[in-house]
Amino acid sequence: MKKYWHVINIGLQNTLVYRVNFLFRSVFGLIPLMATIYLWRAIYAGKQSDDVAGYTLAGMTSYYLLVTLVDMLTAVNEDDWQIAGEIREGNLNQFLLKPIDYLTYRLCLFGAGRLIYTVVALGPVLIFILVQRKFFVLPPDAATFGLFVLSVGMTALLQFFMSYTMALLAFWVLEVSTFIFILFAFEYIAGGHLFPLDILPPVLAKILYFTPFPYQLFFPVGIYLGRVRGDELWQGLAIQAAWVIGFYLLGRFVWSRGVRKYTAFGG
Amino acid sequence: MKVESPKQALENVVDQRLTDTNAVSSSSALRRYFSIYTTLWRNSIVREMSFKMNFILWIFVELLWFALQLAFMVVIYQHTNRIATWTKWEVVMLLGASHLIQQIFSAIFLTNIVQLSEFIRTGKLDFMLLLPVNTRFLISFRQVDLGGFVNAASAIAVMIYAGRQLHLSPSAAQVMGFVLLAASSVLVHYSLMLIVASTSFWTVRAQGIVWGYYNLFNIARLPDAAFRGFFKVFFTLVLPMLLVANVPVKLLAQKLSSPLEMLLLLCLSLVCFAVSEGVWRFSLRRYTSASS
């Protein structure tokens, strides 16, 4: 176990190098966020009532602010590119020779990376939320907030395991970036980056809830805003946990198949 | 022959390259640059065709993202009839136009500009300074990304469909105007992105900033009337993102509040280009190569 603490430590130091880069990224990221908020304000201004599919303007604004927060805490940054790169360029050799579990190793680096990113990005994001505080709602009660935190944790794991599995495709194909972008596109729309999934026609939303995508982002935000409640909430948490375990096992399986194909190219 | 220090030699080369620019104006030089560009095109086609599968997959990725933007607007218009003054099909047309402009920009310039910081970091820019062509021409046009043109076609198809839904029958003058305005929009993106990429002469890792600029394309596809205050002024006059796709579409959809909007876009595109030329020349003099 101790060796993985070292990995986390190294991960922290390595990502600290990119702190300015992270700061730029989080500040630039606020511009499209601002634009989306303006867009919704214009939509609400053109309507008679303060209601779109059960969202008030404040609820809608909070949705996008929370998406930014959860994304900051859980999004896979460059881990998938790095894993694919290590496979392609043969750098995986050193891990195969050491008594270290690659998935755990990668998970530690992912955690360290997210920690640094959050520390750097939290400043600009909090200032932004403060400016928008009129439109920022708090969770209905402490229990809801607790479940939100639990769900965010599972979201991070799900994000990681999905990206990990995807990156392992590099064992079979030379260029995985297109596949990563295709997966990202689905995540972007079916995960709730663009709009809250419960403004979709109910049938469509119901079907989506069985795919892994909503649990990569929308679900914890839905809990926070009190949009997911009662039985739906427990059922959702169960499905989320199932997807986390499912992708963990799939990642392990794909790894064991992939390593057999691995040719240690370039050494 | 006088012995130069490496630094002097580099400065002389940069000076020469910068004065070469003047030669572009004569017609024989134009013909020469045209033939160089034809060769660059041929090289790009050969390169793309050696990775056919990848070429097709990238087109698919871009199509998917375009479809996603359209889906977003379709979902929004399930819940409202207008965004400020914009109706559904007008916004679809706007998405089409901004995608068209973005794809043409990507096809001609994007890869080249993103690579600039890499050339500076590794010192490969040396080789380009030594070639007897205008260096800005070379770093701007080195590669063509053919997939961009395929995706531009899909954008045009969406625009035509939206135009039909709006019962538009644009005159030849309107279409010409659209092409001219779209071209100046591409010029805006190109100039601004070159300015951003020129920071590579100062910081080693400018690629992040270049991709940061790419974020701004997200604003260009939103209807201008939704924005207010400082945000609107900034993204109209300083970084004209709210003009680049909006104005050409407003011309086609007859939504222009005054012809001055077109004039503003045309003027700003020329201003952006002039500023980028100034920044480029100023930055290039800072170039110290990598290994010396």
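All values reported here derive from a predicted model rather than from experimental measurement. (Residues numbered from 1 in each chain as written. Chains lettered and ligands numbered in written order. Predicted model: local features only at pLDDT ≥ 70, side-chain atom pairs only at ≥ 80, totals over all residues.)

**Section: the overall build of chain A**
Along the backbone of chain A there are 11 helices and 0 strands. In sequence order, chain A lays out its α and β elements as α-α-α-α-α-α-α-α-α-α-α. Against the compact-globule benchmark of 18 Å for 267 residues, chain A has a radius of gyration of 20 Å, which places it among compact chains. Dimensions of chain A, computed from C-alpha atoms along their principal axes, come out at roughly 65 × 40 × 35 Å. Going through the 267 residues of chain A one by one, you find that 36% of them count as buried. Partitioning the contacts of chain A with sequence separation of at least 6, the portion at a separation of at least 24 is 81%. (Helix = DSSP H or I, 4+ residues; strand = E, 2+ residues; numbered from the N terminus. Rg over C-alpha atoms; globule rule 2.2 N^0.38 Å. Buried ≥ 20, exposed ≤ 12 C-beta atoms within 10 Å, placed from the backbone. Contact = placed C-beta atoms within 7 Å.)

**Re the overall build of chain B**
Tallying secondary structure elements over chain B gives 14 helices and 2 strands in all. Relative to a compact globule of 292 residues, whose C-alpha radius of gyration would be 19 Å, chain B shows 21 Å and is just as compact. When the backbone C-alpha atoms are referred to their principal axes, chain B occupies close to 75 × 45 × 40 Å. Taking as baseline every contact in chain B between residues at least 6 positions apart, the subset at least 24 positions apart corresponds to 80%.

**Considerations on the packing of helix H4 (residues 88-122) of chain B against helix H8 (residues 172-198) of chain B**
All names here are of chain B. Axis separation between H4 and H8 bottoms out at 9 Å; the angle between their running directions is 25°. With respect to their mutual orientation, H4 and H8 come out roughly parallel. Note on packing geometry: the crossing formed by H4 with H8 is right-handed. In this structure, H4 uses Ala97, Leu100, Ile101, Ile104, Phe105, Phe109, Ile113, Leu116 and Ser117 to contact H8, whose residues at the interface are Ala182, Ser185, Val186, His189, Tyr190, Met193, Leu194 and Ala197. Classifying every residue of the contact of H4 with H8 by side-chain character gives 14 nonpolar, 3 polar and no charged. (Axes fitted to C-alpha atoms, helices over the stretch in contact; angles between N-to-C directions. Parallel < 35°, antiparallel > 145°, perpendicular 65-115°, else oblique. Left-handed = near helix turned anticlockwise from the far one by under 90°. Nonpolar A, V, L, I, M, F, W, Y, C, P; charged D, E, K, R; others polar.)

**Examining the environment of phenylalanine 95 of chain A**
Residue and element names in this part refer to chain A. As for its position among the elements, phenylalanine 95 is in helix H5 (residues 93-97). Between the alpha carbons of phenylalanine 95 and valine 152 there is a distance of 30 Å; along the sequence they are 57 residues apart. Not counting residues up to four positions away in its chain, the partners in contact with phenylalanine 95 are Ile100, Tyr102 and Tyr105.

**Considerations on unusual backbone geometry**
The residue alanine 53 of chain A is not glycine, and still its phi comes out positive at about 50°. Mapped onto the fold, alanine 53 of chain A is located in the loop between helix H2 (19-45) and helix H3 (57-74). Look at glutamine 254 of chain B: it is not a glycine, yet its phi comes out positive at around 55°. Relative to the elements of secondary structure, glutamine 254 of chain B occurs in the loop between helix H13 (246-252) and helix H14 (260-284).

**Things to note about the interface of chain B and chain A**
Each partner contributes to the interface: chain B provides 28 residues, whereas chain A provides 27 residues. Looking at the side of chain B that touches chain A, the elements that each hand over two or more residues are helix H3 (52-76), strand S1 (82-83), helix H9 (207-214) and helix H10 (217-220) of chain B. Classifying every residue of the side of chain B that touches chain A gives 19 nonpolar, 7 polar and 2 charged.

**Describing the nonpolar core**
Membership of the largest hydrophobic core comes to 119 residues, with the highest contact counts inside it found for Val221 of chain A together with Ala97 and Ile101 of chain B. By residue number, the principal contributor to this core is H4 of chain B, which donates 16 residues. The residues contacting valine 221 of chain A, other than those within four sequence positions of it, are Tyr63, Leu66, Val67, Val70 and Gly192 of chain A. (Core = buried A, V, L, I, M, F, W, Y, C linked by C-beta atoms within 7 Å.)

**Considering the packing of helix H4 (residues 79-88) of chain A against helix H7 (residues 142-167) of chain A**
All names here are of chain A. Following both chains from N to C, one finds H4 and H7 inclined at 30°, their axes separated by 9 Å at the closest point. In this view, H4 runs roughly parallel relative to H7, as classed from their interaxial angle. Here H4 runs over H7; the crossing is right-handed. Between H4, through Asp79, Asp80, Ile83 and Ala84, and H7, the contact on the second element is made entirely by Ser163, Tyr164, Met166 and Ala167. Of the residues assigned to the contact of H4 with H7, the class counts are 5 nonpolar, 1 polar and 2 charged.

**Regarding the environment of glutamine 159 of chain A**
Residues and elements named next belong to chain A. In this fold, glutamine 159 is placed in helix H7. The exposure class of glutamine 159 is buried, given the 27 C-beta atoms found within 10 Å. With 74 residues separating them along the chain, glutamine 159 and glycine 85 place their C-alpha atoms 19 Å apart. Excluding its chain neighbours within four sequence positions, the residues that come into contact with glutamine 159 are Thr74, Ala75, Val76 and Gln216.

**Some thoughts on the confidence of the model for chain B**
Per-residue confidence for chain B gives a mean pLDDT of 88; residues scoring 70 or more make up 93%. Interface confidence for the predicted complex, expressed as ipTM, amounts to 0.87; the pTM equals 0.89. (pLDDT = per-residue confidence, 0-100.)

**Remarks on the environment of threonine 39 of chain B**
For threonine 39 of chain B, the location among the structural elements is in helix H2 (residues 27-49). The spacing of threonine 39 of chain B and arginine 142 of chain B is 103 residues in sequence and 9.8 Å in space, taken between C-alpha atoms.

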